[in-house]
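A structural walkthrough
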Amino acid sequence: MSKERFEELRSQLDEVNLEILEVLNRRAELVSEIGLLKSGKGTERFDPIREKEMLDKVVGANKGPFPDDTIRHLFKQIFQASLGLQEEEKKSLLISRKNKSQDTVVQVGPLTVGGGAPVIISGPCSVETEGQMEAVASHLKGEGILLLRGGAYKPRTSPYDFQGLGKEGLKILSETAKRHGMVCVSEIVAPEDVEMACEYIDVIQIGARNMQNFELLKAAGSVRKPVLLKRGLSATIEELLYAAEYIASRGNDQIILCERGIRTYEKATRNTLDISAVPILKQETHLPVVVDVSHSTGRKDIMLPIAKAAIAVGADGLIVETHNEPAVALSDAKQQLDLQQFSTLMNQLRQSGFLKDAVQ
Ligand code: PEP
Ligand code: MN
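We now turn to the structure provided with this report. (Residues numbered from 1 in each chain as written. Chains lettered and ligands numbered in written order. Predicted model: local features only at pLDDT ≥ 70, side-chain atom pairs only at ≥ 80, totals over all residues. Heavy atoms only, no water.)

**A short note on the packing of aromatic side chains**
Keep this limit in mind: Side-chain rings of Phe, Tyr and Trp (the six-membered ring for Trp) are treated as a pair once their centres are within 6.5 Å; stacked means planes under 30 degrees apart, edge-to-face means over 60, and tilted covers the remaining angles. Numbering of helices and strands starts at the N terminus; helices are DSSP runs of H or I of at least 4 residues and strands are runs of E of at least 2. Note on exposure labels: buried denotes an accessible area under 20% of the residue type's maximum, exposed denotes more than 50%, and partly exposed covers the range between, all computed with a 1.4 Å probe on protein chains only.
Considering all chains together, one arrives at two aromatic pairs under this definition. Centre to centre, the rings of F75 and F79 are 6.3 Å apart; their planes meet at 70°, and the pair counts as edge-to-face. Here the residue F75 and the residue F79 both occupy positions in helix 3 (residues 68–90), the gap between them amounting to four residues, near one helical turn. Its relative accessible area of 26% is what places F75 among the partly exposed residues.

**Topic: the site of ligand 1**
Note the threshold: What makes a residue near a molecule or strand is one non-hydrogen atom of that residue sitting within 4 Å of it. Pairs of N or O atoms are called polar contacts if they sit within 3.5 Å, as long as, within protein, a hydrogen donor faces a hydrogen acceptor (for residues adjacent in sequence, only side-chain-to-side-chain pairs). Working definition of accessibility: Shrake-Rupley area with a 1.4 Å probe, residue cover restricted to the visible protein chains. Following the grouping adopted for this structure description, the nonpolar residues are Ala, Val, Leu, Ile, Met, Phe, Trp, Tyr, Cys and Pro, the charged ones are Asp, Glu, Lys and Arg, and the polar ones are all others, Gly among them.
Residues in contact with ligand 1, as listed here, are R149, K154, E187, Q205, G207, A208, R209, K230, R260 and H295. R209 is positioned with one of its side-chain polar atoms (N or O) 2.8 Å from an oxygen atom of ligand 1. Contacts to ligand 1 include R260, whose side-chain N or O atom sits 2.6 Å from an oxygen atom. For ligand 1, whose free accessible area comes to 290 Å², the fraction covered by protein is 96%. Of the residues in the shell around ligand 1, the class split is one nonpolar, three polar and six charged.

**Notes on the packing of helix 4 (residues 130–142) against helix 12 (residues 339–351)**
What counts here: Axis definition: a line fitted to C-alpha atoms, over the contacting stretch in the case of helices. Angles run 0 to 180 degrees between N-to-C directions. In this scheme, roughly parallel covers angles under 35 degrees and roughly antiparallel covers those over 145, while 65 to 115 is roughly perpendicular and the rest are oblique. For a crossing to be left-handed, the near helix must be turned anticlockwise from the far one by less than a right angle; the clockwise case is right-handed. We call two residues in contact whenever any of their non-hydrogen atoms come within 4.5 Å of each other.
Where helix 4 meets helix 12, the axes come as close as 11 Å, and the angle between the chain directions of the two elements is 20°. When the axis of helix 4 is compared with that of helix 12, the two are roughly parallel. In this structure, helix 4 meets helix 12 at a crossing whose hand is right-handed. Between helix 4, through A135, V136, H139 and L140, and helix 12, the contact on the second element is made entirely by L339, F342 and S343.

**What about unusual backbone geometry?**
The omega torsion of the bond from G64 to P65 falls at 10°, within 30 degrees of zero and hence cis. Within the secondary structure, P65 is located in the loop between helix 2 (48–60) and helix 3. Backbone geometry at D332 places phi at a positive 45°, although glycine is not the residue there. Counting through the fold element by element, D332 comes out in the loop between strand 10 (317–321) and helix 12. The exposure class of D332 is buried, given its relative accessible area of 19%.

**Brief notes about the side chain of E259**
Inspection of the secondary structure assignment puts E259 in strand 8 (residues 255–259). Within the local environment of E259, its side chain forms a polar contact with the backbone nitrogen of G261, the two atoms lying 2.8 Å apart. Those residues in contact with E259 that sit more than four places away from it in its chain are R231, T272, L273, D274, A277, V278, V290, V291 and D292.

**Re the coordination of the manganese ion (ligand 2)**
We apply this condition: Metal donors were taken as nitrogen, oxygen and sulfur atoms no farther than 2.8 Å from the ion, or 3.2 Å where the ion is Na, K or Ca. Water is excluded, so coordination may look unfinished.
Protein ligation of the manganese ion (ligand 2) involves C125 (SG), H295 (NE2), E321 (OE) and D332 (OD), the donor distances falling in the range 2.0 to 2.3 Å. Donor residues for the manganese ion (ligand 2), ordered by position in the chain, follow C-x169-H-x25-E-x10-D. Linking E321 in strand 10 with D332 in the loop between strand 10 and helix 12, this pair joins segments that are 11 residues apart in sequence. For the pair E321 and D332, a shared accessibility class is recorded, and that class is buried.

**Considerations on the packing of helix 4 against helix 5 (residues 167–179)**
Contact geometry of helix 4 with helix 5 gives a least axis separation of 10 Å together with a crossing angle of 35°. Judged by the twist between their axes, the crossing of helix 4 over helix 5 is right-handed. Between helix 4 and helix 5, the contacting residues are E130, M133, E134 and A137 on the first element and I172, L173, T176 and R179 on the second. Broken down by class, the residue content of the contact of helix 4 with helix 5 amounts to four nonpolar, one polar and three charged.

Have a look at this one:
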């Protein structure tokens, strides 16, 4: 073969490569458009029947020199890449940073969560009595805490354990908070209770065990109250993000994410705090992220370093369970700080500069 012919063939090949590139990208644009239509209809993006039809058509038209199997393989690769393209687009969720670059600031009464100083959320595991809530709230308010927690519907492992005071608990929590000029958060476990709960509480908590209770997520997305969404016991970060998207997709973007530890083989702590989840969530979403130092560790002796770590990696707040008499608490007795221990924790955090700009 002459040198010129060789060069000519090579330049033809270069041209064909560019043609293939153009055709591939034209195909990708069509796929994207179809993907958008599918997401509007909620249709599954991978459609094996359609894929087989397309492959059969292409192979049927194959005149060689490539054998059918090679064509099948090459087109399979193209289909796969197209699906990947659709998956990329799917990642552009409402809660994603790709959609909104500024931090979402969740307004809870006078308090802002996200984009500023870390917020401390504290109170007992469960609302037990008026006296208990009064003792805890007045102490917390004295420490400058504004967001009071307390469970009224308790998702307990054993049905024989204290299940919470229900609506009565919400009333006690709400009245106590109001009396002290505080706002309050409590876990709701049933979709049908969400609207009722809005009369009493300022933030709806969706607990770890209910992170994928999709009806509850939809109900919380349908009201105009901030939602504190805790990561499921064995949920991946992606699953937490999709759970938050359920809420956002119903029109409620006032969502606070909570890393509260996940199940691992480690027994030294109640759960394993996934500290890297905090910067990842902050990177992936515009939502504020808080860390529950009580349910993650399940122990008081490492709360200070864990709280510091959480703030150091960018948490927008902490959840700390506090009880006036932890030893006799009806739930989570072991991990709740007494009032003095809470003050010590706050002082240590303040003194080491971790709550410098905090309202607390
Ligand atoms: C709680 O905050 O009261 C609670 C039950 O936590 P979690 O859902 O994270 O276990
Ligand atoms: Mn608890």
